[in-house]
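Report on the structure
Spelled out, the chains give:
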There are 2 protein chains.
Amino acid sequence: MTHHHEVVEALQQIGYRLTPQRMMILEAIADSEGHLSAEEIHETVRTAYPYLDISTVYRTLDLLKTLHLVSETDLGRGPAQYELLSKGLHHHLICTECGEILDAPNSLLDSLRHAMSEEYDFHAEIEHLAVFGICSNCKGDAQEAG
Amino acid sequence: MTHHHEVVEALQQIGYRLTPQRMMILEAIADSEGHLSAEEIHETVRTAYPYLDISTVYRTLDLLKTLHLVSETDLGRGPAQYELLSKGLHHHLICTECGEILDAPNSLLDSLRHAMSEEYDFHAEIEHLAVFGICSNCKGDAQEAG
DNA sequence: ATTGGTGCAAAACTTTTGCAATTCC
DNA sequence: GGAATTGCAAAAGTTTTGCACCAAT
């Protein structure tokens, strides 16, 4: 639950300061189940510390991204979503019909990574992938409509 | 080269109007080699028709997306990129070191699609995927730096 | 004629930046 | 003390929207 303190303290050793804002932002991300937008992080921390500015959230997220502690997922619509990388890398299958989000393990991409490496000598860095499509529940509906 | 006229005329049959703006916008996309942003489309068409508004570009792109005539790719940074789908579906491998963009055929995703279908009964709609990573030229540099 | 589309202007939304004041080391 | 960090305010960049006028059917 609070193992992210190690993570924060590790910041110091690389020369970054350990500020309350940074701790609260990381805690908000760590305590959340799924993804959070910068604005959601802002709202969450503000309940405890109303002076937090959204720019501090973005600046902290930039830092955490650089350190590969959080992942940033751009869904192509709306704000980017942030998530703790230590929670275990996974990806999302998002149904465009009903909005359901299925979690898929990182291994789902093994074959794709292999193909990119073999055929293009390209080393993919896919920390977080979002794939849109139709889930099993909505497959019937889509066929009727089409 | 101008087979997109068929496409535009098909619009009428579904009840959409055939306006000069729509034709010019589609022509700009069709004539371009790679991707275009909405702003680039705007600039291109404006050389011939200076009154075109950027909002018309976005509205037309929405229409063309709905009809699956163009693909929209959100690179996660900067404006979305638009491309004719009839040009042949392909994806992009973008090197984060040197910025090179490799084109990859749609078949690259076959195994991934298969895995999502088999394991999650999820029917992915990946019209256009952009994958960031390290290309073969930069692989050595990255190892030295790391 | 009528509905749909366009241009214009303004706003919405997300993210970034400059800078003075503050805080952590 | 001094450099890093924050809060504030403003701006930047992309996309959307309201509305009056205009054009395609």
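Above: the structure in question.
Residues numbered from 1 in each chain as written. Chains lettered and ligands numbered in written order. Predicted model: local features only at pLDDT ≥ 70, side-chain atom pairs only at ≥ 80, totals over all residues. Heavy atoms only, no water.

1. Concerning the sheet that holds strand 6 (residues 123–124) of chain A
Pairing is mixed across the open sheet formed by 4 strands, whose spatial order is 6(A)-7(B)-4(B)-5(B). Either end of the sheet is taken by a strand with one partner, and the two such strands are strand 6 of chain A together with strand 5 (101–105) of chain B. Pairing of strand 6 of chain A with strand 7 (residues 130–134) of chain B involves 2 bridges; the strand directions are antiparallel. By the bridge assignment, Ala-124 of chain A is partnered in strand 7 of chain B with Gly-133 of chain B. In the packing of helix 5 (residues 110–120) of chain A onto the sheet, the strands contacted are strand 6 of chain A together with strand 4 (90–95), strand 5 and strand 7 of chain B, and the crossing angle to strand 5 of chain B comes to about 110 degrees. (Pairing = 2+ DSSP bridges. Helix = DSSP H or I, 4+ residues; strand = E, 2+ residues; numbered from the N terminus. Contact = heavy atoms within 4.5 Å. Axes fitted to C-alpha atoms, helices over the stretch in contact; angles between N-to-C directions.)

2. Focus: the relation of the copies chain A and chain B
When chain A is fitted to chain B, the residual RMSD is 0.2 Å, and the transformation amounts to a turn of 179 degrees plus an axial shift of 0.0 Å. Here the symmetry operator amounts to a two-fold rotation axis. (Least-squares fit on C-alpha atoms with pLDDT ≥ 70 in both.)

3. Focus on the environment of Tyr-58 of chain A
All names here are of chain A. Relative to the elements of secondary structure, Tyr-58 occurs in helix 4 (residues 54–66). For Tyr-58, a relative accessible area of 43% gives the class partly exposed. Separated by 17 residues in the primary sequence, Tyr-58 and Ile-41 place their C-alpha atoms 9.8 Å from one another. Setting aside chain neighbours within four positions, we find Tyr-58 in contact with Ala-38 and Tyr-82. (Buried < 20%, exposed > 50% of the residue type's maximum accessible area, 1.4 Å probe, protein only.)

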